[in-house]
Amino acid sequence: EPNVTVYGRLNASFERVSVGSGGSRTEVVDNASRIGFKGTEDLGGGNAVIFQIESRVRVDGGDAVALASRDSFVGLKGSPGTLRLGRTLGPVYYATYDYISMHNHDSGHSSDALLSMATMGNSTAAGGRMNNTLWYTSPSVRGFTLDVAYALLDEAPKSTASKQTPHHLGIVGAYDQGPLHAALSYASTQSTTNLDTDPAVRFNNDRAITFGGAYTFQSFVLGGLYERSTKTTLGDEKSRNYFRLAAMVPMGAHEFHANLGVAGDYSDTSDTGARQYTLAYNYNLSKRTKLYAFYTKIDNDSAKTTGGGGAYSFMGTAAGLDNSAIATGIRHNF
Amino acid sequence: EPNVTVYGRLNASFERVSVGSGGSRTEVVDNASRIGFKGTEDLGGGNAVIFQIESRVRVDGGDAVALASRDSFVGLKGSPGTLRLGRTLGPVYYATYDYISMHNHDSGHSSDALLSMATMGNSTAAGGRMNNTLWYTSPSVRGFTLDVAYALLDEAPKSTASKQTPHHLGIVGAYDQGPLHAALSYASTQSTTNLDTDPAVRFNNDRAITFGGAYTFQSFVLGGLYERSTKTTLGDEKSRNYFRLAAMVPMGAHEFHANLGVAGDYSDTSDTGARQYTLAYNYNLSKRTKLYAFYTKIDNDSAKTTGGGGAYSFMGTAAGLDNSAIATGIRHNF
Amino acid sequence: EPNVTVYGRLNASFERVSVGSGGSRTEVVDNASRIGFKGTEDLGGGNAVIFQIESRVRVDGGDAVALASRDSFVGLKGSPGTLRLGRTLGPVYYATYDYISMHNHDSGHSSDALLSMATMGNSTAAGGRMNNTLWYTSPSVRGFTLDVAYALLDEAPKSTASKQTPHHLGIVGAYDQGPLHAALSYASTQSTTNLDTDPAVRFNNDRAITFGGAYTFQSFVLGGLYERSTKTTLGDEKSRNYFRLAAMVPMGAHEFHANLGVAGDYSDTSDTGARQYTLAYNYNLSKRTKLYAFYTKIDNDSAKTTGGGGAYSFMGTAAGLDNSAIATGIRHNF
């Protein structure tokens, strides 16, 4: 048995992207394609060393990406649980948001554009991932697991007198047994972004509490989440509610998907909400490969600028612009 | 059977490079070394999913290169043909130019320095490759195949009113059976490079028609191509003829090569032609590994600046400079 | 048997880093993690082609790194020895410095911070490695081997009239048999760094002679080295002595380490010495995986600025600053 397994995914689509009433463009879009190397060393007694080196790859015209730009870590696994040290999106994202994007997990224009960035450390480094993360996952007890992730963000404290370090804390309690997956999570990200103007304020504090899950019924799957997020920046505090609903109806090799996200106004500003609608059809050529088509739309309030990914950048980022995409693509796991 | 095969090539040489009458330098040159990951998923009924992620690597002092910087795609293969979506040099280059560089396929100072860049989308992104390419290859019928590639170039149209998108179109009809390989191709690249000065002109139109091939005789191989290329830029149009001849004489593990390219003047400017001569000897240590030596020279007309690759940059790019290289190297496929 | 083997190492630690009397910080540090692809093609008769493509990867917040950024080459191996062409740290470093960093080979804050950079070509390209290296290793005769490496540095000569090329030459004579490993090496690096001010001086000449080795006693291993280095720059010449001692006591799965480096003043300037102390404990979970903890300190003289790696950069590089780290980590080979 070799020490290393090579795995990955290629996911590319041909899309017609439209923004506001202004224009549209045909694009090839790479949807989170990747290649990874992972392995497990059995230490005996139920203990093992695990590692993973995963890199984003692109087959479209997007920016080049580095080795190990996605979840990459080394860790220990045993009866007390699993401990990893490295880079990750974090357990909060995986517990609910990723889970109910059933039509096309964490990829492309139809991926969740409304979630609180606190869930992933607000990080712009390494493709939105958090470096320097220590992540513990408990063993599963009657379907229950606990995850705690603590990440040192790649920022210097604004004051050297500060004893606090910019960091992310993510905690997830999850239940996964039979037809039910459910999770309750808390994410807190204390960063220093844009704080230069007031060194007395040492941190932004960006938090989110999320509850959600999915239930597999006889002939369909239903998922949903509720997120309450709060941003404290320079003495200002604002909160928001965000809901998402997802449904999948499989029929043999066919899958029919609907996905709806509704983000409310921030507590202190009107017209800052947005809605995201997606209808999708997947045809499974095999367990590893699917063809898909989707229509996705983001409907921004007049003071909101949510975009659905880099593809929309050709039309600028003026507030209130709606944007949509019709796409057909292929996704292959290897 | 694993889902992924790791493959690649390392090709490095020790070269004495001379430019004009001015100077010479000893260099180590990496000649298109690469590593790739590819796989095929059999879907039954003669259908399959194919993928490839190929990256340039360098063992010399050249610029670092990104993951998936070479041909990388995901595709479907079946009785109606093969359809790929991703990044590539394109079928036009592979059909003739690559094919008759028998001494050292598409690599180094001795590679084809005179071909029309229209054949590869004029792209400077991703190592000269085209992103966002949809590439269809027909099945082979009595040795005949048809290739059509359409690539969206990574450029914005100069005018948002423009309904046209900068793109490359490549069409190849090829015959490959017994001792004869022959191909007729058409390449058209519509880009916006250097068009800022006149927004009324929406595109450069850079085209090439190429006919060429190779024939394997009893004791040698003969190849050749003729290219007629036309550039339309800012209202100006110019054309050029370009010929290349190649011969290989194998004797056991030995190969003797001669390769000659002659590019004529552009139709509107004299002294813009160039000639490229290469003499090479290859010794095959095995099917996968060869040692080689070559002498290659580019003879530029007084108004022409063709260089044979980045190695010559130490002498600037003044027009009319001739340049040559004596090299010995090793090429290993894995 | 496949043509390619995937291998590598992940090494990450959680560290408390302190600098001078000024401050300290908790950091996750990636210690030379890497992934590589290598292979051997048997040519028969004891001859083979070898290749390696090795890349640095990071799981902390450090800068992204390129494909093939570590030792990468293609070569031939046979009864006359081994010849490689490519990128490497060079045989001088591997012969002694690397060898006696037994607690944590060539990685992290506890790695050798005092050695002469002449040993690795003074290169800042490709992670301190030398590109364009031709490296010969003789066969082993009664335990004796000879290594000669010649690298063309990625620098232009300051004068085009100069017939000299910036280069590194490394020569190693080594003995490796039974309990004794010993090596005598000479490194000479002729670079043009900072020479703009005086074109009459064509090269810095940075040299080091090193003698060192390790002896495996019944219950412990003892290592040491002595380096005499000389820098000639712009007519100025200065020399320095540097000693290092290393001891390891293995007890079953446990290893206890002590490592001490003492660099004297440069011949022309007082207070330019430094000392590096490391105490380490390793616990081998298996042959491939260890947990470790260490304390390491660099004690700089008042005019010396040695740092123990990028992690200290948060405190600037004022001369005379001492710095230290307490770390715990995991190292896994795959």
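Before reading further, recall that the structure is shown in the block above.
These lines cover the structure that appears in this document, whether it is placed above or below. The model shown is predicted, which means the values in this text are computed figures rather than measured ones.

This brings us to the overall build of chain A. When helices and strands are counted, chain A shows 1 helix and 17 strands. In chain A, the proportion of contacts linking residues at least 24 apart, taken out of those at least 6 apart, comes to 54%. With an accessible surface of roughly 13,800 Å², chain A has 56% of that area assigned to carbon and sulfur atoms.

Following the criterion strictly, the structure yields 37 salt bridges over all chains and no others. Taken together, the shared-partner salt bridges connect A:R34, A:E54 and A:R70 into one network.

By the secondary structure assignment, C:H167 is in strand β9 (residues 167-177). Not counting chain neighbours up to four residues away, the residues in contact with C:H167 comprise C:Y150, C:A151, C:L153, C:S188, C:T189 and C:Q190.

The next point concerns the nonpolar core. Nonpolar side chains in soluble globular proteins tend to end up buried together. The biggest cluster of nonpolar side chains holds 57 residues, and the ones touching the most others in it are A:L10, A:F37, B:L10, B:F37, C:L10 and C:F37. Apart from residues no more than four positions distant in its own chain, C:L10 is found in contact with A:F51, A:Q52, A:I53, A:F73, A:V74, C:S33, C:V57, C:V59, C:I330, C:R331, C:H332 and C:F334.

Moving on to a nonpolar patch on the surface. A cluster of nonpolar side chains, namely A:L180, A:Y215, A:F217, A:F220, A:L222, A:V249, A:M251 and A:F256, defines an oily patch on the protein surface of about 650 Å² accessible area. By secondary structure assignment, the location of A:Y215 is in strand β11 (residues 204-216).

Taken as a whole and assessed by the stated rule, the structure comprises 33 aromatic pairs over all chains. For the ring pair B:F256 and B:Y281, a centre distance of 5.4 Å and an interplane angle of 40 degrees mean the geometry is tilted. One end of the pair, B:F256, is in strand β14 (residues 254-263); the other, B:Y281, is in strand β15 (residues 274-284), with 25 residues separating them in the sequence. Positioned above the aromatic ring of A:F73, the side-chain terminus of A:R84 is 5.4 Å from the ring centre.

All names here are of chain A. For A32, which is not glycine, the phi dihedral falls at a positive 60 degrees. Structurally, the position occupied by A32 is in the loop between β2 (23-30) and β3 (34-44). Taking relative accessible area as the criterion, A32 reaches 10% and is therefore assigned buried.

Screw-axis analysis of chain C against chain B gives a translation of 0.0 Å along the axis, an RMSD of 0.0 Å, and a rotation angle of 120 degrees. With respect to symmetry, the two chain copies, as superposed, fit the operation of a three-fold axis. Interface overlap between copies is the fraction of interface residues in one copy that are interface residues in the other; for chain C against chain B it is only 11%, indicating separate surfaces.

Here we take up the relation of the copies chain A and chain C. Between chain A and chain C, which share one sequence, the superposing operator has a rotation angle of 120 degrees and an axial displacement of 0.0 Å; the RMSD is 0.0 Å. Residue by residue, only 11% of the interface of chain A is reproduced at the interface of chain C, so the copies engage with different surfaces.

The figure often quoted for interface size is the accessible area lost as the parts come together. With 27 residues of chain A at the contact, the number on the chain C side is 31 residues. Interface area, chain A with chain C, both sides summed: about 2,400 Å², of which 76% is carbon and sulfur. Of all residues in chain A, the largest losses of buried area upon contact with chain C belong to A:E41, A:L67 and A:L85, amounting jointly to 23% of the total for that side. One can count 0 salt bridges joining chain A with chain C. Scanning the region where chain A abuts chain C turns up 6 residue pairs in polar contact (both at pLDDT 80 or more). For the side of chain A that touches chain C, the elements supplying multiple residues, two or more each, are β3, β4 (47-56), β5 (72-78), β6 (81-88) and β7 (130-137) of chain A.

Residue and element names in this part refer to chain C. Structurally, E15 is set in strand β1 (residues 5-19). Counting along the chain gives 94 residues from E15 to H109, while the straight-line C-alpha distance between them is 9.5 Å. Residues contacting E15, with those up to four places away along its chain left out, are R25, T26, E27, V29, N31, H109, F294, A325, I326 and A327. Among the polar contacts made by the side chain of E15, one reaches the side chain of S13 at a distance of 2.7 Å.

Before going further, it helps to spend a moment on the environment of A:Y175. All names here are of chain A. Looking at the secondary structure, you find Y175 in strand β9 (residues 167-177). A relative accessible area of 22% means that Y175 is categorised as partly exposed. Considered as a pair, Y175 and R142 are 33 residues apart in the sequence and their alpha carbons are 8.4 Å apart. Not counting residues up to four positions away in its chain, the partners in contact with Y175 are R142, G143, F144, L180, H181 and A182.

Taken together, the 27 residues of chain C in the interface contact 31 residues of chain B. Overall, the association of chain C and chain B removes approximately 2,400 Å² of surface from exposure, summing both partners, and the carbon and sulfur fraction of that is 76%. By the criterion of area lost to chain B, the three top residues of chain C are C:E41, C:L67 and C:L85, representing 23% of everything that side buries. At the junction of chain C and chain B, the tally comes to 0 salt bridges.

To continue, consider the pairing of β9(A). Residue and element names in this part refer to chain A. With 9 bridges connecting them, strand β8 (residues 144-152) and β9 associate as antiparallel partners. When the sheet's bridge partners are listed, D147 is paired in β9 with V172. Pairing of β9 with strand β10 (residues 180-191), which is carried by 11 bridges, proceeds in the antiparallel orientation. Residue pairing in the sheet places H168 in a bridge with T189 of β10. Count of turn residues in the β9/β10 antiparallel hairpin: 2 residues, of which G178 carries a positive phi of about 55 degrees.

Residues and elements named next belong to chain B. For strand β7 (residues 130-137), the tally of buried residues reaches 6 of 8 residues, placing the bulk of the element in the interior. Direction of pairing for strand β6 (residues 81-88) relative to β7: antiparallel, over a ladder of 6 bridges. Pairing of T88 across the sheet is with M130, part of β7. As paired elements, β7 and strand β8 (residues 144-152) share 5 bridges and run antiparallel to each other. What sits directly across from W135, in β8, is A149. The hairpin turn running from β7 into β8, its antiparallel successor, is 6 residues long, and R142 in that turn takes a positive phi close to 50 degrees.

Let us now look at the side chain of C:D147. Residues and elements named next belong to chain C. By the secondary structure assignment, D147 is in strand β8 (residues 144-152). Within the structure, the side chain of D147 is placed 2.8 Å from the side chain of W135, a separation counted as a polar contact. Apart from residues no more than four positions distant in its own chain, D147 is found in contact with P91, W135, Y136, T137, G170, I171 and V172.

Mapped onto the fold, A:L222 is located in strand β12 (residues 221-233). Sequence separation of A:L222 and A:M102 is 120 residues, and the distance between their C-alpha atoms is 9.8 Å.

Cut-offs applied
- Residues numbered from 1 in each chain as written.
- Chains lettered and ligands numbered in written order.
- Predicted model: local features only at pLDDT ≥ 70, side-chain atom pairs only at ≥ 80, totals over all residues.
- Heavy atoms only, no water.
- Helix = DSSP H or I, 4+ residues; strand = E, 2+ residues; numbered from the N terminus.
- Contact = heavy atoms within 4.5 Å.
- Areas by Shrake-Rupley, 256 points an atom, 1.4 Å probe, with all protein chains shown as cover.
- Salt bridge = Lys/Arg side-chain N within 4 Å of Asp/Glu carboxyl O.
- Core = buried A, V, L, I, M, F, W, Y, C linked by side-chain atoms within 4.5 Å.
- Buried < 20%, exposed > 50% of the residue type's maximum accessible area, 1.4 Å probe, protein only.
- Patch = residues over 30% accessible without salt bridge, like charges linked within 9 Å, V, L, I, M, F, W, Y side chains within 5 Å.
- Phe/Tyr/Trp six-rings, centres within 6.5 Å; stacked < 30°, edge-to-face > 60°.
- Lys NZ or Arg CZ within 6 Å of the ring centre and 35° of its normal.
- Least-squares fit on C-alpha atoms with pLDDT ≥ 70 in both.
- Buried area = accessible area lost by both parts, 1.4 Å probe.
- Polar contact = N/O pair within 3.5 Å; in protein donor to acceptor, adjacent residues only side chain to side chain.
- Pairing = 2+ DSSP bridges.

Spatial relationships are all this shows, so hold off on functional conclusions.
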